[in-house]
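Breakdown of the fold
Below are the chains, spelled out letter by letter.
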Amino acid sequence: MNKPLLAALSSLAIAGVGAAPAVAAPQAKAAAAVTVNFAGTVSLSNCSGSVIRFPNSADTDPALVLTNGHCLETGFPAPGEVITGQSSSRSFGLLNASGSRVGTLRANQVVYSTMTDTDVTIYRTTTTYAAIKSTYGISPLTVQDTHPTAGTAIKVVSGYWKRTYSCAIDGFVYRLKEGDWTWKDSVRYTSACNTIGGTSGSPVIDTSTGKVVAVNNTGNEDGQRCTENNPCEVDASGNVTVRQGINYAEETYLIPACFTTGNKLNLSAAGCALPKP
């Protein structure tokens with residue numbers, strides 16, 4: 001993961017990734033870019049994140065914060081574990097467009113967290129989108145509810161480091177395996193997104209729409225095969241590929257279908273395909 005797995009190191013999360021391989025990056029699809037900045041992103045104690053909404057969220061709904069499953073304050077969810085409705089008082093530093101911290105948001109619940117099939121944690125905060133907009137002039141980022149497309153120009157926006165990475169979606173990985181965890185249909189970046197520790201949980205934003213298409217989570221640092229901090233790609237036939245220095249994200253398009261009126265989680269909703277407890 002982009003945040004070191006060892007608990008002793010997790011408070012700093014400053015491990016870097018290896019050098020990117022000397023391969024040419026494919027050209028991103030031409031599209032009219034929107035302005036992508038830090039507005040709506042957040043910094044956590046050891047990770048990055050963002051204030052998110054879904055296409056059907058209302059301004060009066062409780063605001064949600066998206067980060068990685070492996071950024072959960074109570075430790076990594078075990079393989080096969082899905083956490084819902086867990087109490088939380090975690091705080092988040094809310095950033096404005098220039099990356100300055102303008103306020104603090106606080107969670108009251110871990111709505112959903114897992115490292116199975118995907119790597120996400122979604123927090124419910126004690127405030128609403130409308131209140132955040134009124135107080136800070138900041139709107140949430142919208143999560144796209146359709147599968148992202150290879151070649152799309154993207155930015156990975158880290159609230160922890162206040163740093164933005166620009167590249168494209170190189171392709172999709174049937175299975176991405178790291179240590180005891182396996183993720184499905186992961187996003188592989190082109191080599192320009194050389195993300196580092198602390199960027200875990202950063203929103204991956206389509207620069208043509210401004211919408212969140214994935215959440216940044218890992219990279220192969222040392223060229224090792226399928227070990228912690230060294231994920232490997234596994235295809236449908238079981239063939240393993242190691243790409244040292246290449247980084248990855250987990251798609252988020254499945255999430256909106258699992259939330260109903262009031263930003264309430266409903267894992268039984270029609271079309272919801274997230275792992276269940």
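In what follows, the accompanying structure is described. (Residues numbered from 1 in each chain as written. Predicted model: local features only at pLDDT ≥ 70, side-chain atom pairs only at ≥ 80, totals over all residues. Heavy atoms only, no water.)

On to the overall build of the protein, then. Of the regular secondary structure elements, the protein holds one helix and 18 strands. The proportion of buried residues among the 277 residues of the protein is 53%. Considering only residue pairs separated by 6 or more positions, the protein has 68% of its internal contacts joining residues 24 or more positions apart. For the protein, the accessible surface area stands at approximately 10800 Å², while carbon and sulfur atoms represent 49% of it. (Helix = DSSP H or I, 4+ residues; strand = E, 2+ residues; numbered from the N terminus. Buried < 20%, exposed > 50% of the residue type's maximum accessible area, 1.4 Å probe, protein only. Contact = heavy atoms within 4.5 Å. Areas by Shrake-Rupley, 256 points an atom, 1.4 Å probe, with all protein chains shown as cover.)

Right, let's get into the environment of I83. Assignment of secondary structure puts I83 in strand β4 (residues 82–87). Sequence spacing of I83 and Y112 is 29 residues, and the spatial spacing of their C-alpha atoms is 5.6 Å. Once you skip the residues sitting within four places of it in the chain, I83 turns out to touch L72, P77, V110, V111, Y112 and S113.

Before going further, it helps to examine the side chain of T67. Tracing the chain through its elements places T67 in strand β3 (residues 62–67). Given the relative accessible area of 0%, T67 is considered buried. Side-chain polar atoms of T67 contact the backbone oxygen of S48, separated by 2.7 Å. Setting aside residues no more than four positions away along its own chain, T67 makes contact with L44, C47, S48, G49, D119, V120, T121, Y123, S200, G201 and V215. (Polar contact = N/O pair within 3.5 Å; in protein donor to acceptor, adjacent residues only side chain to side chain.)

Moving on to the state of the cysteines. Counted by the stated rule, this structure contains four disulfides. Put simply, C47 and C71 are joined by a disulfide, and their sulfur atoms are 2.1 Å apart. Because the sign of the S-S torsion sets the handedness, a value of about -85° for the bond joining C47 and C71 places this disulfide among the left-handed ones. With C47 in the loop between β1 (41–43) and β2 (48–53) and C71 in the loop between β3 and β4, this pair connects stretches of sequence that are 24 residues apart. (Disulfide = S-S within 2.5 Å.)

Let's shift gears to the pattern of salt bridges. Enumeration over the complete set of coordinates arrives at six salt bridges. With a closest N to O distance of 3.0 Å, R53 and D59 form a salt bridge. Relative accessible area serves as the criterion here: at 15%, R53 is assigned to the buried category. One salt bridge in this structure joins R243 and E233, with 2.8 Å as the shortest N-O distance. Of this pair, R243 sits in the loop between β15 (240–241) and β16 (247–251) while E233 is found in strand β14 (residues 232–234), placing the two residues ten residues apart along the sequence. (Salt bridge = Lys/Arg side-chain N within 4 Å of Asp/Glu carboxyl O.)

Let's shift gears to the packing of aromatic side chains. On inspection of all chains with the given rule, the structure shows four aromatic pairs. Sitting over the ring of Y174, R175 keeps its end group 4.0 Å from the ring centre. (Phe/Tyr/Trp six-rings, centres within 6.5 Å; stacked < 30°, edge-to-face > 60°. Lys NZ or Arg CZ within 6 Å of the ring centre and 35° of its normal.)

Here we take up the side chain of T116. Structurally, T116 is set in the loop between β6 (101–114) and β7 (120–128). If sequence neighbours within four positions are ignored, T116 has contacts with A78, P79, G80, E81, T182 and P275.

Among the structural elements, D170 can be located in strand β10 (residues 163–178). Placed 78 residues apart in sequence, D170 and Y248 show a C-alpha to C-alpha distance of 9.8 Å. Separated by 2.8 Å, the side chains of D170 and R188 make a polar contact.

With that settled, the discussion passes to unusual backbone geometry. Its identity as a non-glycine residue notwithstanding, K162 has a phi of 55°, on the positive side. By the element assignment, K162 lies in the loop between β9 (153–158) and β10. The class of K162 is partly exposed, set by a relative accessible area of 40%. For D185, which is not glycine, the phi dihedral falls at a positive 50°. Within the fold, D185 resides in strand β11 (residues 181–189). We classify D185 as partly exposed; its relative accessible area is 25%.

Across soluble globular proteins, nonpolar side chains show a tendency to be buried alongside one another. Within the largest apolar cluster, 43 residues are counted, with the highest numbers of intra-cluster contacts made by V51, L64, F92 and F259. Those elements that place two or more of their residues in this core are β2, β3, β4, β5 (91–95), β6, β7, α1 (129–136) and β13 (212–219). Among the elements that take part in this core, β6 stands out by supplying five residues, more than any other. Sequence-distant contacts of V51, defined by excluding residues within four places in its chain, comprise G40, V42, A63, L64, V65, L94, L105, Y129, I132, P140 and L141. (Core = buried A, V, L, I, M, F, W, Y, C linked by side-chain atoms within 4.5 Å.)

Moving on, we get to the environment of T261. Assignment of secondary structure puts T261 in the loop between β17 (259–260) and β18 (264–265). For T261, a relative accessible area of 72% translates into the label exposed. Each C-alpha atom of the pair T261 and S57 lies 7.2 Å from the other, and the pair is 204 residues apart in sequence.

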